[in-house]
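One-letter residues, chain by chain:
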Amino acid sequence: MRDLSALPNLNVALIQTTLAWHDRKANLEHFEGLLAQARAADLIILPEMFTTGFSMESETLAEPENGPSHKWLQAQAAKLEAVITGSVIIQAADGSHRNRLLWARPDGEVLHYDKRHLFRMAGEHNHYTPGERQVLFELNGWRIRPLICYDLRFPVWSRDAEDTDLLLYTANWPGARRQHWNRLLPARAIENLCYVAAVNRIGHDGKGFAYTGDSQVLDFQGETLLSAGDADGVFTVCLNAADLAAYRARFPANLDADRFEFI
């Protein structure tokens, strides 16, 4: 059993902003300016498809696995001495297109998670290949499970209470369904007895859809630690591992959780 109470606090920065439609250069320049405000963070989270907006033009926009966004994240992570993460459109080595979250560490290593649940109402399943596996990243002893947007609706894919300290969602979640976003995020925190950090975008995309933000961080009881509303900017919060350990000791519901395997 890990001693969570011995872990250092985790400083997390959420960047909620507008995205330039299909314009990687403009988006990277924009985020580079905002990153300077997140210098004290251990972990910096960017929105889903942060270089393009949520686009189905995967054949036109896909980057190779070690493409410009990959290299940009490596450089920024090294510069800020922090992990930086967000998803981009990638053409994998097998030729498939993926909505891929990149996890860039300051030492130059870049790990990834491919979005499992593809948003069929926008036709995402026709343009991308789903991920096959959950992943768990470690940062300063914290165990962090990344997920992407539509994954939020599927609690089984988020479930792993014994290992996960922080669930991370990066999204382009339209304002038309903001109520779902704001109700499902606390549920994921409560049922998994862990922190949740969720980053959404604001503004309008090239299809005319409006995004209202609501980026937020919740504790293990679903209580709000940070709420960005519809503001543009960088939002920071400090997560306390000792508080998480104490709550799990008082209320170890994970010990009665159903056991299952993915097949």
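Here we summarise the structure given alongside this text. Sequence positions are assigned chain by chain, starting from 1 and proceeding in written order. Local features in this predicted model are restricted to residues whose pLDDT is 70 or higher, and side-chain atom pairs enter the listing and the counts only when it is 80 or higher, whereas totals over whole chains, interfaces and linings include all residues. Think of the side-chain values as coming from all heavy atoms in the structure, minus any hydrogens and water.

## Topic: the packing of aromatic side chains
Here a ring pair, both rings aromatic, is described through the centre-centre distance and the interplanar angle of the planes.
In step 1: Here the aromatic set is Phe, Tyr and Trp, taking the six-membered ring for Trp, and pairing holds for ring centres within 6.5 Å; pairs whose planes are under 30 degrees apart are stacked, those over 60 apart are edge-to-face, and all others are tilted. The tally for this structure, following the rule as stated, stands at 10 aromatic pairs.
In step 2: Pairing Y195 with F220 gives two aromatic rings, centres 5.3 Å apart and planes at 70°, and the pair type is edge-to-face. Residue Y195 is found in strand 10 (residues 195-199), and its partner F220 is found in the loop between strand 13 (216-218) and strand 14 (224-227); the two are separated by 25 residues along the sequence.
In step 3: A network of ring pairs unites the aromatic residues W142, Y195, F220, Y247 and F251 as a single cluster. By the criteria applied, helices consist of DSSP H or I runs no shorter than four residues and strands consist of E runs no shorter than two, each listed in order from the N terminus.

## Some words on the environment of D163
In step 1: Note on placement: D163 falls in the loop between helix 5 (155-158) and strand 9 (166-170).
In step 2: With 161 residues separating them in the primary sequence, D163 and R2 have C-alpha atoms 9.4 Å apart.
In step 3: Contacts are assigned to residue pairs that have any heavy atoms within 4.5 Å of one another. Setting aside residues up to four positions removed in sequence, D163 forms contacts with R2, L136 and R143.
In step 4: We call two N or O atoms a polar contact when they sit within 3.5 Å, provided that within protein one can donate a hydrogen and the other can accept it, with sequence-adjacent residues counted only if both atoms are side-chain atoms. Separated by 2.9 Å, the side chains of D163 and R143 make a polar contact.

## Observations concerning the pairing of strand 14
In step 1: What makes two strands pair is DSSP finding at least two bridges between them. Relative to strand 14, strand 13 runs antiparallel, the two sharing three bridges. Directly across from Q216, in strand 14, lies its bridge partner S227.

## With respect to the packing of helix 1 (residues 24-35) against helix 3 (residues 68-80)
In step 1: Structural elements are reduced to axes, namely lines fitted to C-alpha atoms, with helices fitted over the stretch in contact, and the angle between N-to-C directions of any two is expressed from 0 to 180 degrees. Helix 3 packs onto helix 1 with a crossing angle of 10° between their chain directions and a minimal axis gap of 12 Å. As summarised for this structure, helix 1 and helix 3 are arranged roughly parallel, according to the angle between their axes. Between helix 1, through R24, L28, F31, E32 and L35, and helix 3, the contact on the second element is made entirely by P68, S69, W72, Q76, K79 and L80.
In step 2: Throughout, the ten residues Ala, Val, Leu, Ile, Met, Phe, Trp, Tyr, Cys and Pro are labelled nonpolar, Asp, Glu, Lys and Arg are labelled charged, and all others, Gly among them, are labelled polar. Its residues placed into classes, the contact of helix 1 with helix 3 shows six nonpolar, two polar and three charged. Any angle that falls under 35 degrees is termed roughly parallel, while one over 145 is termed roughly antiparallel, one within 65 to 115 roughly perpendicular, and all others oblique.

## What to know about a nonpolar patch on the surface
In step 1: Two joining distances apply to patches: 9 Å for like charges and 5 Å for nonpolar side chains (Val, Leu, Ile, Met, Phe, Trp, Tyr), and every residue must have over 30% relative accessible area and no salt bridge. We get accessible surface area from the Shrake-Rupley algorithm with a probe of 1.4 Å; when it comes to residues, only the shown protein chains can shield them. Basic side-chain nitrogens of Lys or Arg form a salt bridge, by our definition, when they fall within 4 Å of a carboxyl oxygen of Asp or Glu. Taken together, the side chains of V156, F260 and F262 present a nonpolar region at the surface, about 280 Å² in accessible area.
In step 2: Note that F260 resides in the segment after helix 7 (241-250).

## A few points about the environment of S227
In step 1: Mapped onto the fold, S227 is located in strand 14.
In step 2: With 157 residues separating them along the chain, S227 and H70 place their C-alpha atoms 29 Å apart.

## With respect to the sheet that holds strand 13
In step 1: Reading across from one edge, 7-8-9-10-13-14 is the order of the six strands in this open sheet, with mixed pairing throughout. Edge positions in the sheet fall to strand 7 (137-139) and strand 14, since each of these pairs with one other strand and no more. Across this sheet, the average inter-strand angle for adjacent strands is 20°, counted without regard to direction.
In step 2: Where strand 7 meets strand 8 (residues 142-148), three bridges bridge the pair, whose relative direction is antiparallel. The partner of E138 across the bridge, within strand 8, is R143.

## Observations concerning the pattern of salt bridges
In step 1: Evaluated as defined, the whole model comprises 15 salt bridges.
In step 2: Residue R100 is joined to E65 by a salt bridge in which the shortest nitrogen-to-oxygen separation is 3.2 Å. A residue pair is termed long-range when its members are at least 10 positions apart, and R100 in strand 5 (residues 97-104) and E65 in the loop between strand 3 (63-64) and helix 3 qualify at 35 residues.
In step 3: Using a relative accessible area of 6% as the deciding quantity, one classes R100 as buried.
In step 4: Residues joined in a network through salt bridges with shared partners are E65, D94, R98, R100, D114 and E132. Summary of the burial criterion: residues with accessible area below 20% of their type's maximum are buried, those above 50% are exposed, and those between are partly exposed, where the area comes from a 1.4 Å probe applied to protein chains only.

## Describing the side chain of D165
In step 1: Relative to the helices and strands, D165 resides in the loop between helix 5 and strand 9.
In step 2: A relative accessible area of 0% places D165 in the buried class.
In step 3: Leaving out residues up to four positions away in the same chain, D165 has contacts with R2, L4, L7, G141, W142, R143, C194, Y195, L244 and R248.

## Let's talk about unusual backbone geometry
In step 1: Residues other than glycine seldom take positive phi values, yet H22 does so here, at roughly 60°.
In step 2: For H22, the location among the structural elements is in the loop between strand 1 (10-16) and helix 1.
In step 3: Although it is not a glycine, E81 adopts a positive phi angle of roughly 55°.

## Section: helix 6 (residues 178-192)
In step 1: End to end, helix 6 covers 22 Å across 15 residues, agreeing with the expected 21 Å (1.5 Å per residue, within 8%).
In step 2: Buried within helix 6 are the following residues: W181, L185, P186, R188, A189 and N192. Down the axis of helix 6, the buried side of the element spans an arc of 155°, and every buried residue falls inside it.
In step 3: Buried residues along helix 6 sit in contact with helix 5, strand 9, strand 10, strand 13 and helix 7. Multiplying one less than the number of residues by 1.5 Å gives the expected span of a helix. Each direction from the helix axis to a C-beta atom contributes to the arc, which is the arc of those directions.

Interpretation in functional terms is not warranted from these geometric data alone.
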